[in-house]
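If you want the building blocks of each chain, they are given just below.
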Amino acid sequence: MFQSSGQPIFVAINCVTNSPSHQPSQLLVNHLGYGDTDFNQKLANFRAIIDTVQPPVSRPQLNAARRVGADFEFALQTQPGRSYRVQGSTNLIDWTTLRTIAGSTNASVFRDTNAPPARRFYRAATP
(Lines give C-alpha, C1' and ligand atoms only; values in the text may rest on other atoms or scores of the structure.)
Protein backbone atom coordinates (compact mmCIF):
# COMPACT_ATOMS: atom_id res chain seq x y z
CA MET A 1 0.00 0.00 0.00
CA PHE A 2 2.82 2.43 0.84
CA GLN A 3 5.68 2.93 -1.57
CA SER A 4 9.28 2.76 -0.41
CA SER A 5 12.35 4.06 -2.19
CA GLY A 6 14.37 5.85 0.47
CA GLN A 7 12.27 8.98 0.06
CA PRO A 8 10.05 10.18 2.89
CA ILE A 9 6.47 8.97 2.79
CA PHE A 10 3.76 11.39 3.87
CA VAL A 11 0.45 9.83 4.87
CA ALA A 12 -2.70 11.17 6.46
CA ILE A 13 -5.20 8.75 7.92
CA ASN A 14 -8.69 9.73 9.07
CA CYS A 15 -9.02 9.25 12.84
CA VAL A 16 -12.50 10.78 13.16
CA THR A 17 -15.17 8.23 14.05
CA ASN A 18 -18.78 8.76 13.00
CA SER A 19 -17.82 11.19 10.24
CA PRO A 20 -20.56 11.33 7.61
CA SER A 21 -17.96 11.87 4.87
CA HIS A 22 -15.14 9.38 5.59
CA GLN A 23 -14.60 6.00 7.19
CA PRO A 24 -12.41 5.64 10.30
CA SER A 25 -8.81 4.73 9.37
CA GLN A 26 -9.42 5.75 5.75
CA LEU A 27 -6.22 6.70 3.94
CA LEU A 28 -6.50 10.33 2.85
CA VAL A 29 -2.98 11.12 1.62
CA ASN A 30 -0.21 8.79 0.43
CA HIS A 31 2.65 10.81 -1.04
CA LEU A 32 6.20 9.65 -1.76
CA GLY A 33 9.07 12.12 -1.64
CA TYR A 34 9.35 15.85 -1.44
CA GLY A 35 7.90 16.48 -4.88
CA ASP A 36 8.68 19.70 -6.67
CA THR A 37 10.76 22.49 -5.24
CA ASP A 38 7.64 24.19 -3.84
CA PHE A 39 6.64 21.81 -1.07
CA ASN A 40 4.35 24.48 0.41
CA GLN A 41 1.87 23.82 -2.40
CA LYS A 42 1.92 20.07 -1.60
CA LEU A 43 1.23 20.85 2.07
CA ALA A 44 -1.66 23.11 1.05
CA ASN A 45 -3.07 20.23 -1.04
CA PHE A 46 -2.69 17.82 1.91
CA ARG A 47 -4.52 20.31 4.15
CA ALA A 48 -7.32 20.69 1.61
CA ILE A 49 -7.79 16.90 1.54
CA ILE A 50 -7.70 16.64 5.34
CA ASP A 51 -10.25 19.46 5.61
CA THR A 52 -12.78 17.41 3.61
CA VAL A 53 -13.28 15.18 6.66
CA GLN A 54 -16.54 16.29 8.24
CA PRO A 55 -16.95 16.27 12.02
CA PRO A 56 -19.07 13.56 13.60
CA VAL A 57 -22.78 14.07 13.72
CA SER A 58 -23.85 14.99 17.22
CA ARG A 59 -26.68 13.05 18.74
CA PRO A 60 -30.04 14.77 18.94
CA GLN A 61 -30.85 16.11 22.39
CA LEU A 62 -34.29 15.60 23.93
CA ASN A 63 -35.05 18.30 26.51
CA ALA A 64 -37.89 19.69 28.61
CA ALA A 65 -39.90 16.46 28.60
CA ARG A 66 -43.26 16.81 30.28
CA ARG A 67 -46.84 15.62 30.29
CA VAL A 68 -49.38 18.20 29.11
CA GLY A 69 -52.81 16.87 30.01
CA ALA A 70 -53.12 13.55 28.19
CA ASP A 71 -50.29 14.45 25.79
CA PHE A 72 -46.54 14.13 26.22
CA GLU A 73 -44.08 16.60 24.71
CA PHE A 74 -40.38 17.39 24.55
CA ALA A 75 -38.01 19.66 22.67
CA LEU A 76 -35.65 18.09 20.15
CA GLN A 77 -32.36 19.86 19.37
CA THR A 78 -31.18 18.85 15.88
CA GLN A 79 -28.70 19.77 13.15
CA PRO A 80 -29.67 21.51 9.90
CA GLY A 81 -29.66 19.33 6.80
CA ARG A 82 -30.44 16.08 8.63
CA SER A 83 -33.71 14.31 9.29
CA TYR A 84 -34.69 12.56 12.51
CA ARG A 85 -37.23 9.84 13.22
CA VAL A 86 -38.94 10.25 16.60
CA GLN A 87 -39.74 6.75 17.76
CA GLY A 88 -41.72 5.33 20.66
CA SER A 89 -41.62 2.01 22.47
CA THR A 90 -43.25 0.39 25.47
CA ASN A 91 -40.58 -2.30 25.91
CA LEU A 92 -37.31 -0.79 24.53
CA ILE A 93 -37.19 -3.57 21.92
CA ASP A 94 -39.95 -2.78 19.42
CA TRP A 95 -39.81 0.82 18.15
CA THR A 96 -42.46 2.61 16.09
CA THR A 97 -41.75 5.78 14.13
CA LEU A 98 -44.13 8.45 15.35
CA ARG A 99 -42.94 11.34 13.20
CA THR A 100 -40.04 12.44 11.00
CA ILE A 101 -38.58 15.87 11.76
CA ALA A 102 -36.28 17.94 9.54
CA GLY A 103 -33.26 19.28 11.42
CA SER A 104 -32.85 22.99 12.02
CA THR A 105 -30.89 25.42 14.16
CA ASN A 106 -33.92 25.88 16.42
CA ALA A 107 -35.32 23.23 18.73
CA SER A 108 -38.41 21.41 17.42
CA VAL A 109 -41.19 20.57 19.83
CA PHE A 110 -42.58 17.07 19.49
CA ARG A 111 -46.00 16.41 21.01
CA ASP A 112 -47.37 12.88 21.27
CA THR A 113 -51.14 13.32 21.21
CA ASN A 114 -51.62 9.56 21.40
CA ALA A 115 -49.46 9.06 24.49
CA PRO A 116 -50.73 6.05 26.40
CA PRO A 117 -51.41 6.41 30.12
CA ALA A 118 -48.85 3.64 30.70
CA ARG A 119 -45.10 4.13 30.26
CA ARG A 120 -43.71 4.91 26.81
CA PHE A 121 -40.05 5.46 25.89
CA TYR A 122 -38.91 7.88 23.21
CA ARG A 123 -35.80 8.25 21.08
CA ALA A 124 -34.67 10.21 18.04
CA ALA A 125 -32.83 8.27 15.35
CA THR A 126 -31.15 9.41 12.15
CA PRO A 127 -31.60 7.41 8.96
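In case you missed it, the structure is sitting above this.
What counts, and where the lines are drawn
Residues numbered from 1 in each chain as written. Predicted model: local features only at pLDDT ≥ 70, side-chain atom pairs only at ≥ 80, totals over all residues. Heavy atoms only, no water. Helix = DSSP H or I, 4+ residues; strand = E, 2+ residues; numbered from the N terminus. Rg over C-alpha atoms; globule rule 2.2 N^0.38 Å. Buried < 20%, exposed > 50% of the residue type's maximum accessible area, 1.4 Å probe, protein only. Contact = heavy atoms within 4.5 Å. Areas by Shrake-Rupley, 256 points an atom, 1.4 Å probe, with all protein chains shown as cover. Lys, Arg positive; Asp, Glu negative; His and termini not counted. Charge placed at Lys NZ, Arg CZ, Asp CG, Glu CD. 1 Å grid on protein atoms, 1.4 Å probe; cavity = no way out; pocket = protein on both sides within 12 Å on 5 of 7 lines; lining within 4 Å. Points joined across faces, edges and corners; volume = space filled by probe spheres on them. Salt bridge = Lys/Arg side-chain N within 4 Å of Asp/Glu carboxyl O. Phe/Tyr/Trp six-rings, centres within 6.5 Å; stacked < 30°, edge-to-face > 60°. Pairing = 2+ DSSP bridges. Axes fitted to C-alpha atoms, helices over the stretch in contact; angles between N-to-C directions. Core = buried A, V, L, I, M, F, W, Y, C linked by side-chain atoms within 4.5 Å.

A. View of the overall build of the chain. Looking only at helices and strands, one finds one helix and eight strands in the chain. Ordering the α and β elements of the chain from the N terminus gives β-β-α-β-β-β-β-β-β. A compact globule built from 127 residues would reach a C-alpha radius of gyration of about 14 Å, whereas the chain, at 23 Å, exceeds it by more than 25%. Dimensions of the chain along its principal axes, counting C-alpha atoms only, are 75 × 30 × 20 Å. The burial tally for the chain puts 26% of its 127 residues in the buried class. Long-range pairs, those at least 24 residues apart, make up 51% of the contacts in the chain between residues at least 6 apart in sequence. With an accessible surface of roughly 8600 Å², the chain has 50% of that area assigned to carbon and sulfur atoms. Distance from the positive charge centre (12 side chains) to the negative charge centre (7 side chains) of the chain: 10 Å.

B. The layout of surface pockets, seen in detail. Its boundaries defined by the atoms lining it, the largest pocket holds a volume of some 180 Å³. Forming the boundary of the largest pocket are Asn18, Pro56, Val57, Ser58, Arg59, Pro60, Arg82, Ala124, Ala125 and Thr126.

C. Molecular detail of the environment of Ser58. Summarising the element assignment, Ser58 is placed in the loop between helix H1 (39-50) and strand S3 (61-68). Sequence-wise, Ser58 and Asn18 are 40 residues apart; in three dimensions their C-alpha atoms are separated by 9.1 Å.

D. Quick peek at the environment of Gln26. By secondary structure assignment, the location of Gln26 is in the loop between strand S1 (9-13) and strand S2 (27-32). Beyond its immediate chain neighbours, meaning those up to four positions away, Gln26 contacts Ala12, Ile13 and Asn14.

E. Just the pattern of salt bridges, in detail. If you walk through the whole model with that rule in mind, you get five salt bridges. Note that Asp51 is salt-bridged to Arg47, the shortest N-O span being 3.4 Å. The closest approach of N and O atoms between Arg66 and Glu73, which form a salt bridge, is 2.8 Å. Judged by its relative accessible area of 47%, Arg66 is partly exposed. Accessibility expressed as a relative area gives 12% for Glu73, which makes it buried. Connected through salt bridges with shared partners, the residues Arg66, Asp71, Glu73 and Arg111 form a single ionic network.

F. Representation of the packing of aromatic side chains within the structure. One pass over the structure, following the stated rule, counts six aromatic pairs. Connected via pairs of aromatic rings, a cluster forms that spans Phe72, Phe74, Phe110 and Tyr122.

G. View of the sheet that holds strand S7 (residues 108-112). Read from one edge of the open sheet, three strands run S3-S4-S7, paired in antiparallel fashion. The sheet is open, and its two edges are formed by S3 and S7, each paired on a single side. Put simply, the sheet's adjacent strands are angled 20 degrees from each other on average, direction ignored. The sheet contact formed by strand S4 (residues 71-77) and S7 spans five bridges and is antiparallel. When the sheet's bridge partners are listed, Phe72 is paired in S7 with Asp112.

H. A look at the nonpolar core. Among the nonpolar cores identified, the biggest contains 10 residues, and these are Phe72, Phe74, Leu76, Tyr84, Val86, Ile101, Phe110, Ala115, Tyr122 and Ala124. For this core, the secondary structure elements donating two or more residues are S4, strand S5 (83-89) and strand S8 (121-125). Counting residues per element, this core draws most heavily on S4, at three residues. Dropping the residues within four chain positions of it, Tyr84 is found in contact with Pro60, Leu76, Thr78, Gln79, Arg99, Thr100, Ile101, Gly103, Ala125 and Thr126.

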